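# A look at the structure
Each chain, letter by letter, is given below.
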Amino acid sequence: MSGPEIASGVQALLGGVRSAASPFRTYLKDLHRRFANDSEGRVADYIPELAKAKPEWFGISVATVNGLTFEVGDAQTDFTIQSVSKPFVFGLALEDNGRDHTLSRVGVEPTGDAFNSIIKLDTKSGRPQNPMVNAGAISTAGLVKGAHLTERFNRLGGMLSRYAGRSLPVDMAVYTSERSTGHRNRALAHLMLNFGMIDPNVDETLDLYFQQCSVLINARDLAMMGATLANGGVNPLTKEQAIAPEYVQDVLSVMYSCGMYDYTGEWSYRVGLPAKSGVGGGVVAVVPRVMAIAVFSPLLDERGNSVRALKVCEAISKDLGLHLLAHSPNRRRLTELLPGIVD
Amino acid sequence: MGKVISIHSFRGGTGKSNLTANLSATLAARGYRVGVFDTDVASPGIHVLFGINDVPASASLNAYFWGNCSIQDAAVDVMPALEGAGVPVSASGALYLVPASIETGEIARILHDGYDVGLLNDGILGLMDHYDLDFVFVDTHPGVNEETLLSIAISEVTIIILRPDQQDLQGTAVTIELARQLECKNLQLIVNKAHRNADHAVMKASVEQKLGAPVIEVIALSDDMVQFGSGGVYCMRFPDHDYSQAVGRVADCLVAAGTASQLSDRRVS
Ligand SMILES: Nc1ncnc2c1ncn2[C@@H]1O[C@H](COP(=O)(O)OP(=O)(O)O)[C@@H](O)[C@H]1O
Ligand SMILES: [Mg+2]
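Figured I'd write up the structure that's included with this text. Predicted, not measured: the structure shown is a model, and the values here were computed from it.

## Regarding helix 7 (residues 117-130) of chain B
Spacing of three or four residues puts side chains on the same side of an α-helix, whose turn is 3.6 residues. Residues and elements named next belong to chain B. Given a rise of 1.5 Å per residue, 14 residues ought to cover 20 Å, and the 20 Å separating the end C-alpha atoms of helix 7 matches this to within 8%. What helix 7 keeps buried is the set Val117, Gly118, Leu119, Leu120, Asn121, Asp122, Gly123, Ile124, Leu127 and Met128. The N-cap residue of helix 7 is Asp116: its side-chain oxygen and the backbone nitrogen of Gly118 are 2.9 Å apart. Of the residues trailing helix 7, Asp132 is marked for its positive phi of about 50 degrees.

Structure, rendered in structure tokens:
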């Protein structure tokens, strides 16, 4: 081992010990216990691979900008990223194309419609309304640069991996399943081609999109990805830049206004944090400059959001005073549980 | 809330387990409520000093780690072992030991599989809460590992024992460096097994200067202790011996550390 490797090994060991000794870990354990027996919601079954998820799976992970990581329950159980990938790919599209061109292909206006609603394009421009609905996400994937599918996916996968701090695999079974059953998404893509919102290599872009949704992550990865956004685009552990700092606000803004499907308004009102949800059962909520909370539980409500995740995030936001729009949030509890994290 | 005191050494055979047993017994005899954790899961032994020969695998720190028993079920009341040894024992004192299993299979399993150190934190705080303890001592495996560092991170006072030996000195510097990185609040050194002819004051000053941390006690190598050979809790049998007196002074320091006033009203003289 080299000097820096040993040093980072020591830091990892110390970090593990710090979080094991932290009262925040106890807080998260209690929270996990509180919702573990709550079996509201049902597992997604629109593709057979997702239906294999166990209803009892439940993991919480938190990563802070100063490099502490916490995990309780099934935080290392893999699930597919699904829609949670969308804001991150939006960030890559912005880096590849700049704001003007990106926004000519996809808007940033909430729809209030369900995630898979067939289409609602801006009446004048034919532009999908935001990068979080499927039409907008496909158009966003279309903006990812690269000479061919492999290069484009390597760039996209590499970007997600830099956020997570480890190389993320693709679940081939889910990918194949999405690819062979994604008729609705194919229809959306062709409709957008008709409107000139997507380049003619539609099939390639769809393949890229299906791969993007089939990336395997766990709650720990998701918390790191969120913490990277909370930390100005720099992964708090690897210190790698996953997105240019100037685009972090773009990503967080669409998460805040459109991240939780047609529950986003109520979520922003109750929880007050930019967040993103996926039908794989993952939710990530970002507390800018502080930390990110990731919850994995495949029991979904009728809008496609993980029920336990909604409850956990709402509880943490209330307990620790995290609502971003609160005038004078009571952050005493946060400072007690995570000393040195906020000034 | 009680205090966690962790006892470390960089190398084995330094005197951790004997010091832990003697300190915890001294405080329990004075009327404090005390717990002891044997986190030396690779080479457990402190139970022997409290007169325990068999540690049932079903009620041990190991069993707690595997989720097979609660932390209070893993704790043995060792107060009776102190009584009748000669030193009067206060009726308000309590002493609970959480032993580590000495079965070969259990030791092999824990070394191979490892365990979630967070559970050690939960166990220590859980036992403290359950029995309303004033002190919890953590006896550790020599060197640096995850549970050593965890016990440093959660302790009010960290004691590192070393012998007047170059290898001990060098290794102790490593532990001190890591303890500092964990924002260790109160770190104290004890020099054990000093030569009886050595000038303790000179030795204290030289170790303090080399390691940059305070030495609370220099304890002489004692033929009597060697002969006693971990045959019990020494200070309960020979309270007037130099070793026992030294242990008594360290106990005074621990009582004084932090919130001493709140604890003192428990003492029954
Ligand atoms: N001050 C001392 N003088 C002589 N022998 C001692 C002294 N302190 C400890 N010992 C002996 O050293 C041996 C190792 O002690 P122990 O407490 O088991 O160390 P550790 O737990 O650090 O491995 C035991 O036989 C013990 O009786
Ligand atoms: Mg020992």
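## Things to note about the site of ligand 1
All names here are of chain B. For ligand 1, the set of nearby residues contains 17 residues, the closest of which are Gly13, Lys16, Asn18, Asn192 and Lys193. A distance of 2.9 Å separates an oxygen atom of ligand 1 from a polar side-chain atom of Ser17. Across the complex, the protein chains shield 82% of the 560 Å² of accessible surface that ligand 1 would expose by itself. Mapped by element, the contributors of at least two residues to the shell around ligand 1 are helix 1 (16-29), strand 7 (187-194), strand 8 (215-220) and helix 11 (223-228). The dominant element in the shell around ligand 1, judged by the number of residues it contributes, is helix 1, at 3 residues.

## Side note on the sheet that holds strand 1 (residues 3-8) of chain B
Residue and element names in this part refer to chain B. With respect to topology, 8 strands assemble into an open sheet ordered 3-4-2-5-1-6-7-8, the strand pairing being mixed. Strands at the two margins of the open sheet, each flanked by one partner only, are strand 3 (76-77) and strand 8. Relative to strand 7, strand 6 (residues 157-162) runs parallel, the two being bridged by 5 bridges. Residue pairing for strand 7: Ile161 is matched across the bridge by Ile190. Strands in contact with helix 10 (residues 200-211) are strand 6, strand 7 and strand 8; relative to strand 8, the strand with the most contacts, it is inclined by about 135 degrees.

## Things to note about the pattern of salt bridges
One pass over the structure, following the stated rule, counts 27 salt bridges over all chains. Between B:Asp122 and A:Arg25 there is a salt bridge, with the nearest N and O atoms lying 3.0 Å from each other. Highlighted residues: B:Asp122 in helix 7 and A:Arg25 in helix 2 (residues 23-36), drawn from two different chains. A relative accessible area of 19% places B:Asp122 in the buried class. Assessed through its relative accessible area of 8%, A:Arg25 is described here as buried. In this structure, the salt-bridge partner of A:Asp96 is A:Arg155, at a minimum N-O distance of 2.8 Å. Taken as a pair, A:Asp96 in helix 4 (residues 85-105) and A:Arg155 in helix 6 (residues 149-164) lie far apart in primary sequence, 59 residues in all. When salt bridges with common partners are traced through the structure, they connect A:Glu266, A:Arg270, A:Glu314 and A:Lys318 into a single cluster.

Thresholds applied
- Residues numbered from 1 in each chain as written.
- Chains lettered and ligands numbered in written order.
- Predicted model: local features only at pLDDT ≥ 70, side-chain atom pairs only at ≥ 80, totals over all residues.
- Heavy atoms only, no water.
- Helix = DSSP H or I, 4+ residues; strand = E, 2+ residues; numbered from the N terminus.
- Expected span 1.5 Å × (residues − 1).
- Buried < 20%, exposed > 50% of the residue type's maximum accessible area, 1.4 Å probe, protein only.
- Polar contact = N/O pair within 3.5 Å; in protein donor to acceptor, adjacent residues only side chain to side chain.
- Near = heavy atom within 4 Å.
- Areas by Shrake-Rupley, 256 points an atom, 1.4 Å probe, with all protein chains shown as cover.
- Pairing = 2+ DSSP bridges.
- Contact = heavy atoms within 4.5 Å.
- Axes fitted to C-alpha atoms, helices over the stretch in contact; angles between N-to-C directions.
- Salt bridge = Lys/Arg side-chain N within 4 Å of Asp/Glu carboxyl O.

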